[in-house]
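Geometric and topological summary
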Amino acid sequence: MDAIFKALADPTRRQLLDRLRQMDGQTLSDLEATSELSRFGIMKHLGILEDAGLITTKKVGRFKHHYLNALPLQEAIDRWIDPFITKPAARAVLDLKLELERTAQMTEKPDFVMSTYIDATHDALWDALTKGDLIAKYHFICSQVEGDYVAGGTVEYKFPDGSAMLSNRIIRVDPKSLIEMSFQPHWDETATESRCVYLVEASGSQMRLTVEHYNLGPGSDGIADGWVRFLSGLKTYLETGNTIRFSMPEDAQ
């Protein structure tokens with residue numbers, strides 16, 4: 001937590017975050033082109049932001065892309081601000097994006113990536129991501145999840161009234177490390193199919209979970225915020241046992 005506030009205390013670093021919020025996934029050269037700072041100066045500030053977890057990176061070919069990471073900011077809100085304001089109001093300002101550097105068999109750049117650390121066992125995290133009865137406990141809106149996370153399978157998420165919310169067609173599964181799937185929303189007739197990936201890895205005594213989302217098109221407004229709510233519910237469930245739904249604002253449902 002100290003690293004977060006130290007990183008945010010510098011106006012230059014806040015400006016870099018603002019620029020990534022305006023256009024996520026920029027390279028060092030992109031950021032340098034519109035800055036008065038030297039390349040070395042920008043690299044130093046980006047390093048501090050990355051160490052604080054406020055940005056994450058992904059290397060595609062020769063280029064390293066930088067993304068915002070909303071989850072550390074969300075944790076700060078949960079700790080101090082949530083007792084005084086409603087969760088949907090707090091999270092409405094956190095439609096941020098981010099990315100993670102990882103070797104992967106993908107050549108395209110994600111539209112956004114979210115990463116969080118969870119104090120849970122590897123098995124517990126994997127079960128919470130793949131078992132429908134567990135997902136339904138912490139998902140921010142779905143009360144029923146049907147299907148199996150196996151290659152070639154389909155998983156259906158349903159609203160409380162039983163209507164379809166989302167379909168995942170499972171493309172690839174590497175047990176306990178990766179799930180790649182299609183992402184087809186049903187809440188908006190204009191929404192197009194995209195693709196998302198779960199990356200699961202141990203980090204010391206904790207687990208690191210990253211979500212990468214690709215090929216977002218029409219009808220994708222609010223998806224980044226939905227992922228923040230999904231990951232917040234998952235983290236709370238695994239670390240505390242509480243099944244809190246970080247619901248969307250009523251006017252957005």
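Residues numbered from 1 in each chain as written. Predicted model: local features only at pLDDT ≥ 70, side-chain atom pairs only at ≥ 80, totals over all residues. Heavy atoms only, no water.

**Considering helix α9 (residues 223–240)**
Look at α9: 26 Å from first C-alpha to last across 18 residues, which is about the 26 Å you get at 1.5 Å a residue. The element α9 is extensively covered by neighbouring structure, given that 16 of its 18 residues are classed as buried. Phi turns positive, to about 85 degrees, at G241, one or two residues after α9. (Helix = DSSP H or I, 4+ residues; strand = E, 2+ residues; numbered from the N terminus. Expected span 1.5 Å × (residues − 1). Buried < 20%, exposed > 50% of the residue type's maximum accessible area, 1.4 Å probe, protein only.)

**Regarding unusual backbone geometry**
For K176, which is not glycine, the phi dihedral falls at a positive 65 degrees. Take K176: its relative accessible area is 36%, and that puts it in the partly exposed class. Even without glycine at this site, N215 takes up a positive phi of about 60 degrees. Tracing the chain through its elements places N215 in the loop between β9 (206–214) and α9. Look at N215 and you get partly exposed, because its relative accessible area is 46%.

**What to know about helix α4 (residues 39–51)**
When the terminal C-alpha atoms of α4 are compared, their 18 Å separation across 13 residues agrees well with the 18 Å that a helix rising 1.5 Å per residue should span. Taken as a whole, α4 has its buried residues at G41, I42, H45, L46 and L49. Projected onto a plane normal to the axis of α4, the buried residues spread over an arc of 130 degrees and lie on a single side. Those residues of α4 that are exposed and aimed more than 90 degrees away from the buried face are F40, K44 and D51. Against the buried residues of α4 lie α1 (2–8), α2 (11–22), α3 (28–33), β1 (55–60) and β2 (63–68). G53, located one to two residues past α4, shows a positive phi value of around 80 degrees. (Arc of directions from axis to C-beta. Contact = heavy atoms within 4.5 Å.)

**So, the confidence of the model for the protein**
Put simply, the protein has an average pLDDT of 84, and 85% of its residues get 70 or more. Put simply, helix α6 (residues 87–91) is where the protein has its lowest mean pLDDT, 47, and helix α7 (residues 122–130) is where it has its highest, 97. Scored below 50 in pLDDT, residues 89–106 shows 73 contacts in the model against residues more than four places distant or in partner chains. (pLDDT = per-residue confidence, 0-100.)

**Here's the deal with the nonpolar core**
Counting 43 residues, the largest nonpolar core has L125, L129, Y198, L209, W227, F230 and L234 as the members making the most contacts within it. If you tally residues by element for this core, the top one is α9, at nine residues. Among all residues touching L129, those that are not within four sequence positions of it are I135, Y138, Y149, Y198, V200, L209, F230 and L234. Grouped together as the second largest cluster of nonpolar side chains are 14 residues, I4, L17, L28 and I55 included. (Core = buried A, V, L, I, M, F, W, Y, C linked by side-chain atoms within 4.5 Å.)

**A few points about the packing of aromatic side chains**
Tallying each qualifying case throughout the model produces six aromatic pairs. Here the aromatic rings of Y138 and Y237 are separated by 5.9 Å at their centres, their planes lie at 25 degrees, and the arrangement is stacked. Of the two residues, Y138 is situated in helix α8 (residues 132–138) and Y237 in helix α9; the sequence distance between them amounts to 99 residues. An angle of 85 degrees between the planes, with centres 6.0 Å apart, marks the rings of Y198 and W227 as edge-to-face. Linking Y198 in strand β8 (residues 194–203) with W227 in helix α9, this pair joins segments that are 29 residues apart in sequence. Accessibility classification places Y198 together with W227 in one group, the buried group. Of the aromatic side chains, those joined through ring pairs into one cluster are Y138, F183, Y198, W227, F230 and Y237. Against the face of Y214 rests R195, its NZ or CZ located 4.4 Å from the ring centre. (Phe/Tyr/Trp six-rings, centres within 6.5 Å; stacked < 30°, edge-to-face > 60°. Lys NZ or Arg CZ within 6 Å of the ring centre and 35° of its normal.)

**Considerations on the side chain of T236**
Here T236 is to be found in helix α9. For T236, a relative accessible area of 17% translates into the label buried. Beyond its immediate stretch of four places on either side in the chain, T236 contacts G241, N242, I244 and F246.

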